[in-house]
Amino acid sequence: MARMIKYDRLWATMKKKRISQYKLIKDYGVDTAQLHRLRKNMVIKTVTIDNLCRILDCDVEDIMEYVPDDPETK
């Protein structure tokens with residue numbers, strides 16, 4: 001597995017806070033392209049992370065995690 005930042009925690013935090021993707025788009029102006037990038041664990045801007053933390057009233061660790069390289073695959 002390649003080293004990467006994963007956003008799986010975002011979806012759990014959104015569920016816990018009862019905020020849907022639709023609500024992020026319609027009520028908070030989050031761009032649909034950014035949500036697509038988050039779903040695919042692609043690169044996003046730190047301003048997006050900051051915005052999500054503000055909207056969800058959470059810490060960075062509640063929306064993303066760093067997954068290191070697997071030493072077995074090197």
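This is a predicted model, so every value here is computed, not measured.

What counts, and where the lines are drawn
Residues numbered from 1 in each chain as written. Predicted model: local features only at pLDDT ≥ 70, side-chain atom pairs only at ≥ 80, totals over all residues. Heavy atoms only, no water. Salt bridge = Lys/Arg side-chain N within 4 Å of Asp/Glu carboxyl O. Buried < 20%, exposed > 50% of the residue type's maximum accessible area, 1.4 Å probe, protein only. Helix = DSSP H or I, 4+ residues; strand = E, 2+ residues; numbered from the N terminus. Arc of directions from axis to C-beta. Polar contact = N/O pair within 3.5 Å; in protein donor to acceptor, adjacent residues only side chain to side chain. Contact = heavy atoms within 4.5 Å. Core = buried A, V, L, I, M, F, W, Y, C linked by side-chain atoms within 4.5 Å.

This part takes up the pattern of salt bridges. Scanning the entire structure with this criterion turns up three salt bridges. Of the charged contacts, one joins Lys6 and Asp8 as a salt bridge, the two residues approaching to 3.4 Å between their closest N and O atoms.

Attention now moves to helix α1 (residues 8-17). Within α1, burial applies to Leu10, Thr13 and Met14. Looking straight down α1, one finds its buried side chains confined to an arc of 100°; they lie on one side. Among the exposed residues of α1, those oriented more than 90 degrees off its buried face are Lys15 and Lys16. A positive phi of about 60° marks Arg18, the residue just after α1.

Of note in the backbone geometry, Arg18 takes a positive phi value of approximately 60° without being a glycine. Within the fold, Arg18 resides in the loop between α1 and α2 (21-28). Located in the positive-phi region is Asp57, a residue other than glycine, with phi close to 50°. Residue position: Asp57 is located in the loop between α4 (46-56) and β2 (65-67).

This paragraph deals with the side chain of Gln34. Secondary-structure assignment places Gln34 in helix α3 (residues 32-39). Judged by relative accessible area, Gln34 falls into the buried class, the value being 17%. Side chain to side chain, Gln34 and Thr48 meet in a polar contact 3.5 Å long. Each residue touching Gln34, except ones within four places of it in the same chain, is listed here: Ile44, Lys45 and Thr48.

Turning to the nonpolar core, a few remarks are in order. Counting 17 residues, the largest nonpolar core has Leu10, Leu24, Leu38, Ile49, Leu52, Leu56 and Ile63 as its most contacted members. Contributions of two or more residues to this core are made by α1, α3 and α4.

In short, shape yes, function no, at least from these values alone.
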